Amino acid sequence: MRIAVLAGGLSPEHDVSMKSGCGIAAALAGAGHTVALCDIMRDVSAQECARYAGRTASEHTIPDEPYDVGAHRCELTCGSLTGEGLIPFLRQADLVFMALYGGMGEDGRAQALLDCYGIGYTGGDSRACHLAMDKYLTKLIFSGAGIGTPDGILYDGTQPRSVIDAVGLPAVVKPRSNGSSIGVHFAYTREELNEAIEKSSIGDGLIIEELIVGREFTVSVLCDTALPVVEIIPHGGAFDFKSKYTAGMTDEICPAPIDKNTADTLCMLALKAHNVLGLRECSRTDFIMSEDGTIYALETNALPGMTPTSLMPLAAAAEGIDYTGLCERICAAALERIKNDRNDRH
């Protein structure tokens, strides 16, 4: 099979995406597929790895800090949303494996572009990715579906102080549409809350919600099946960007040391979140369980990370699915869905 792995982009999660893309490309090439890896924002002709070949040895290192979008914007051509030659390059593939996180890659725009050209890809469609990326819309959808989520507000910089104060303390301040815990601040006092809001780029809005103290879990969904629950125990107390992508900074236990009823509930809620958002081959939903046992869904990742320290590969391994097998299952399910969709249209 000829597979194009699409990664990178102009997003704070650029480096996470590139590392995932390199791993996916290497795994699929090692399984005998013809693979090429492409950064969506760069001209295809300028990328050595954007050549369909039987093997790829590309690697990428994630720095301690998120990708500086402003510093790299000037490297891109003409402010275009994609690099030159992208569509002809992708049309050569039997399937596009989406390894894009944040920004255009995970908010549905890249999916809408591929749909316009009839190019098949893995993961959720434009609508589902947009809903999952928008944390405020996700909270509304979760609440409507009976999935518990922390109380919070959308802050756009214009509301009166009383609206913010109503959230209570401690609180979490986070961007409406970023991933990888980028831009997340914890506030335990009014001063810290004010400082967190001032530090944050409001953009399309900030989510300010109650901070739930408890145990953190995540559940991945693969082809409509929930994988084993992972418990996340960051050494520094917060599962931030550095903790996520630096080996040894977080204990990730799978299967999680919890009773069967709790595990079943988490898996049920992850499947419910996956389905209510309209996601397809894979997703990952993050939860926190308070000291009284109440479970809150925090967010759903439409395109789960696929780096060596990412949580979905860990959960798959606990189910006996190695990294290459995980990549191939996602591809096979996407191809089957695309085939059925095309047959339904004829």
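Quick caveat: nothing in here was measured; it's all calculated off a predicted structure.

Asker: Please set out the packing of helix α6 (residues 126–133) against helix α7 (residues 135–144) residue by residue, giving values where relevant.
Answerer: Each pair of packed helices can be described by the angle between their axes along with the distance between the axes. Relative to each other, α6 and α7 sit at 95 degrees, their axes nearing to 5 Å. If you check the angle between α6 and α7, you find them roughly perpendicular. Residues H130, L131, A132 and M133 of α6 touch α7, and the partners they reach there are K135, L137, T138 and I141. The residue inventory of the contact of α6 with α7, partitioned by class, reads five nonpolar, two polar and one charged.

Asker: Describe the sheet that holds strand β5 (residues 171–175), and please don't skip the residues or the numbers.
Answerer: One open sheet holds the four strands; their spatial order is β4-β7-β5-β6, and the pairing between them is antiparallel. Two strands lie at the open edges of the sheet, namely β4 (152–155) and β6 (185–187), each paired on one side alone. Across this sheet, the average inter-strand angle for adjacent strands is 20 degrees, counted without regard to direction. Where β5 meets β6, three bridges bridge the pair, whose relative direction is antiparallel. Bridging from a neighbouring strand, V172 pairs with F186 of β6. Along the sheet, α7 contacts β4, β5 and β7 (206–210); its crossing angle with β7, the most-contacted strand, is approximately 45 degrees.

Asker: Tell me what's going on with helix α5 (residues 109–116), and back it up with residues and numbers.
Answerer: Those residues of α5 lying buried are A110, Q111 and L114. Viewed along the axis of α5, the buried residues span an arc of 100 degrees, placing them on a single side of the element. Elements that come into contact with the buried residues of α5 comprise α3 (86–91), β3 (95–98), α4 (103–106) and α6. Positioned one or two residues after α5, G118 has a phi angle of 65 degrees, which is positive.

Asker: Explain the sheet that holds strand β1 (residues 2–7) residue by residue, including any values.
Answerer: Pairing between the strands of a sheet comes from backbone hydrogen bonds, and it takes one of two forms, parallel or antiparallel. Read from one edge of the open sheet, three strands run β2-β1-β3, paired in parallel fashion. Strands with a single pairing partner mark the edges of an open sheet, and in this sheet they are β2 (34–39) and β3. Strand-to-strand, the axes of this sheet are offset by a mean angle of 25 degrees, without reference to chain direction. Pairing analysis gives six bridges linking β1 to β2, with the strands arranged parallel. The residue of β2 that forms the bridge with R2 is T34. Contacting β1 and β3, helix α13 (residues 323–345) crosses the sheet at an angle of about 130 degrees to β3.

Asker: So what's going on with the side chain of T138? Residues and values would help.
Answerer: With respect to the helices and strands, T138 occurs in helix α7. From its side chain, T138 meets the backbone oxygen of A132 in a polar contact 3.4 Å long. In contact with T138, other than residues within four places in its own chain, are L131 and A132.

Asker: Run through the packing of aromatic side chains, naming residues and quoting values.
Answerer: What the rule picks out here adds up to one aromatic pair. Its guanidinium or amino end placed over the ring of Y52, R2 lies 4.8 Å from that ring's centre, counting from NZ or CZ.

Asker: So what about the pairing of strand β13 (residues 295–301)? Which residues, and what values?
Answerer: In terms of burial, β13 is a largely internal element, six of the seven residues being buried. Looking at chain direction, strand β12 (residues 282–290) and β13 are connected through six bridges and run antiparallel. Among the inter-strand pairings, M289 is bridged to a residue of β13, identified as I295.

Asker: So, the nonpolar core: which residues are in play, and what are the values?
Answerer: Counting residues in each nonpolar core, the largest one holds 57 residues, and the members touching the most others are V5, L6, F89, L90, V96, F97 and M98. Listed in part, the 27 residues of the second largest apolar core include A132, A256, C267 and M289.

Asker: Summarise the packing of helix α1 (residues 14–30) against α13; cite the residues concerned and give the values.
Answerer: Taken N-terminus to C-terminus, the directions of α1 and α13 make an angle of 90 degrees; their axes are 9 Å apart at the nearest point. In terms of their interaxial angle, α1 and α13 are classed as roughly perpendicular. Together, S20, G23, I24, A27 and L28 of α1 and Y323, T324, C327, E328 and C331 of α13 make up the contact between the two elements. Partitioned by chemical class, the residues of the contact of α1 with α13 number six nonpolar, three polar and one charged.

Asker: Help me get a handle on the side chain of T300, residues and values and all.
Answerer: Considering the arrangement of structural elements, one finds T300 in strand β13. On the basis of relative accessible area, T300 is assigned to the buried category, the value being 2%. Polar contacts involving the side chain of T300 include one to the side chain of T285, which spans 2.8 Å. Among residues more than four places away in sequence, those in contact with T300 are A132, F142, A273, L277, L279, S283, R284 and T285.

Asker: Got a sec to walk through α13? Specific residues and values, please.
Answerer: A rise of 1.5 Å per residue sets the reference length of α13, with its 23 residues, at 33 Å; its end C-alpha atoms lie 34 Å apart and thus fit the reference within 8%. Buried residues of α13: G325, L326, C327, I330, C331, A334, R337 and I338, and no others. Tucked into the core, α13 has its buried residues touching β1, α1, β3, β8 (214–222), β12 and α12 (311–318).

Asker: Give a detailed account of unusual backbone geometry, specifying residues and quantitative values.
Answerer: Residue P170 is reached from L169 by a cis peptide bond, and omega for that bond is -5 degrees. Structurally, P170 is set in the loop between α8 (161–165) and β5. Across the junction of C254 and P255, the peptide omega takes the value -5 degrees, indicating a cis bond. By the element assignment, P255 lies in the loop between β11 (250–253) and α11 (260–276). Positive phi, close to 50 degrees, is recorded for C223, a residue that is not glycine. Position of C223 among the secondary structure elements: in the loop between β8 and β9 (225–226). A positive phi angle, close to 65 degrees, is found at D224, a residue other than glycine. Inspection of the secondary structure assignment puts D224 in the loop between β8 and β9.

Criteria and thresholds
- Residues numbered from 1 in each chain as written.
- Predicted model: local features only at pLDDT ≥ 70, side-chain atom pairs only at ≥ 80, totals over all residues.
- Heavy atoms only, no water.
- Axes fitted to C-alpha atoms, helices over the stretch in contact; angles between N-to-C directions.
- Helix = DSSP H or I, 4+ residues; strand = E, 2+ residues; numbered from the N terminus.
- Parallel < 35°, antiparallel > 145°, perpendicular 65-115°, else oblique.
- Contact = heavy atoms within 4.5 Å.
- Nonpolar A, V, L, I, M, F, W, Y, C, P; charged D, E, K, R; others polar.
- Pairing = 2+ DSSP bridges.
- Buried < 20%, exposed > 50% of the residue type's maximum accessible area, 1.4 Å probe, protein only.
- Arc of directions from axis to C-beta.
- Polar contact = N/O pair within 3.5 Å; in protein donor to acceptor, adjacent residues only side chain to side chain.
- Phe/Tyr/Trp six-rings, centres within 6.5 Å; stacked < 30°, edge-to-face > 60°.
- Lys NZ or Arg CZ within 6 Å of the ring centre and 35° of its normal.
- Core = buried A, V, L, I, M, F, W, Y, C linked by side-chain atoms within 4.5 Å.
- Expected span 1.5 Å × (residues − 1).

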